[in-house]
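# Reading the structure
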Amino acid sequence: MEEKRSLVAVLRCDDYSEERVYGTMKKGIDLIGGMGMFARPSDHVLVKPNFLHSSDESRAVTTHPSVIRGMLRILQEEGYGDVMFGDSPAMGSCRGAANALGLTDGTYGARIADMSETVTYDFPEGNTARQFQFTREVTEADSIINLCKMKTHALERITGAVKNVYGFVCGQHKAAGHVRYPNDVVFAKMLTDIHRAVGPKLSIMDGITAMEGNGPSSGDPFDMKVMLFSADPVALDTVFCWLVDLDPALVPTNVQGEIAGIGRCTESMIDVVTLSDDGQEEHLTRGELFSRYGNAEFDVVRKGNVKSVLSLWSRIMNRVGRPVIDKSKCLKCGVCVEHCPVEGGAIHFENGKDRPPVYDYSRCIRCYCCQELCPAKAIRKR
Ligand code: SF4
Ligand code: SF4
């Protein structure tokens, strides 16, 4: 019997007007089977956006509030009566991040999840990780809907549906995870274990205004004007790669995701569906998809990094690239120093806070937590 391909719906969405986003989301979900395929109305549902940290929507750091509202509205209209939404940010609270986006308790009948209480979750079947420190809400949800953001990422090249589940880990335990899983491949394997343990049933990507360049928090907004929908997080991220002309095989979360069996990144196993201008369902090849919705101007690292013995050795040593500080932008706030997960720190102030901190690269594990959390976009991977 022929193996079933993973279905990914891609739809144009020109802006964040609430009606347009809601309408696009309704069509996208219908194209992949309808809401009933992913959760029952009696389920306790957690909608999980990307709240990396508190940020207004114009910076494209977080899932846009129109996307979150669109999802909550659909759930309410379809009779889902027990819905909460939230993420565990690396810095600050879930409520603070939601409020910064103008979201409050009661939005389409849903409540903001607290996401600050840790529950130890044993997962003996894990290939790489056998225990997680999840937020309580993740362990209690019957169904999780993954509202990820289309962004670049210093460690994994991109962050999308697979990476977004790291927000299931309670904020204060995230840094320790980077020490325990200290390179892009091992970290990706750990993410696939999270999917195997408590994977979302539906992933929706906000790619209307994506983030290019120095992501996931210090990059620049880039209008891709698309939304992606799939039950398969790996296929969804693979289609993101196709849209920005990035080889999906260079993204560890794709490769490890397919190996772990949480989804497909092989081209022949992905079926892309869209709607024509007159509303007819159309299936697209990779080339047709790119010519209709893609943009190769999107700034993402495209060069391979395992092509030479030297680069392979560097990769083994986890020394491909390093974080650097642009001294002219640094506020000397100390967020990077405070959040470095390495015991004793790999970045320090020397002689007080009058000068930017300095790295000790011999200790640095290249997790890029400092780059992710710097409020001044002063840290970049070089
Ligand atoms: S977090 Fe950024 S702005 Fe703050 S001290 Fe570090 S480099 Fe400077
Ligand atoms: S200095 Fe930055 S990249 Fe290096 S280990 Fe610390 S947080 Fe991670």
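Anyway, here's the lowdown on the structure attached to this text.

About the cut-offs
Residues numbered from 1 in each chain as written. Chains lettered and ligands numbered in written order. Predicted model: local features only at pLDDT ≥ 70, side-chain atom pairs only at ≥ 80, totals over all residues. Pairing = 2+ DSSP bridges. Helix = DSSP H or I, 4+ residues; strand = E, 2+ residues; numbered from the N terminus. Axes fitted to C-alpha atoms, helices over the stretch in contact; angles between N-to-C directions. Parallel < 35°, antiparallel > 145°, perpendicular 65-115°, else oblique. Left-handed = near helix turned anticlockwise from the far one by under 90°. Contact = placed C-beta atoms within 7 Å. Nonpolar A, V, L, I, M, F, W, Y, C, P; charged D, E, K, R; others polar. Buried ≥ 20, exposed ≤ 12 C-beta atoms within 10 Å, placed from the backbone. Right-handed = clockwise from strand over helix to strand, strands pointing away.

Let us look at the pairing of strand β1 (residues 6-12). Examined bridge by bridge, β1 and strand β11 (residues 270-275) share four bridges and lie parallel to one another. The residue bridging Val 8 from the neighbouring strand is Val 272, located in β11.

Let us look at the environment of Gly 279. Relative to the assigned elements, Gly 279 resides in the loop between β11 and β12 (281-284). Along the backbone, Gly 279 and Thr 104 are 175 residues apart, and their C-alpha atoms lie at a distance of 34 Å.

Turning to the packing of helix α7 (residues 233-243) against helix α8 (residues 252-260), a few remarks are in order. Here α7 crosses α8 at 150°, and the two axes come no closer than 9 Å. Put simply, α7 runs roughly antiparallel to α8. Viewed along their axes, α7 and α8 form a crossing whose handedness is left-handed. Two secondary-structure elements touch here, α7 through Pro 233, Val 234, Asp 237 and Thr 238 and α8 through Thr 253, Asn 254, Gly 257 and Glu 258. The residue makeup of the contact of α7 with α8, split by class, is two nonpolar, four polar and two charged.

Glancing now at the pairing of strand β2 (residues 45-49). By the criterion of burial, β2 is predominantly enclosed, with five of the five residues buried. Here β2 shows a buried face lined by Val 45, Val 47 and Pro 49 and a second buried face lined by Leu 46 and Lys 48. Where β2 lies against strand β3 (residues 83-85), three bridges are found, and the strand directions are parallel. The residue of β3 that forms the bridge with Val 47 is Phe 85. The parallel pair β2 and β3 is bridged by helix α2 (residues 65-77), and the resulting crossover is right-handed. Relative to strand β7 (residues 143-153), β2 is paired through five bridges, and the arrangement is parallel. When the sheet's bridge partners are listed, Lys 48 is paired in β7 with Asn 146.

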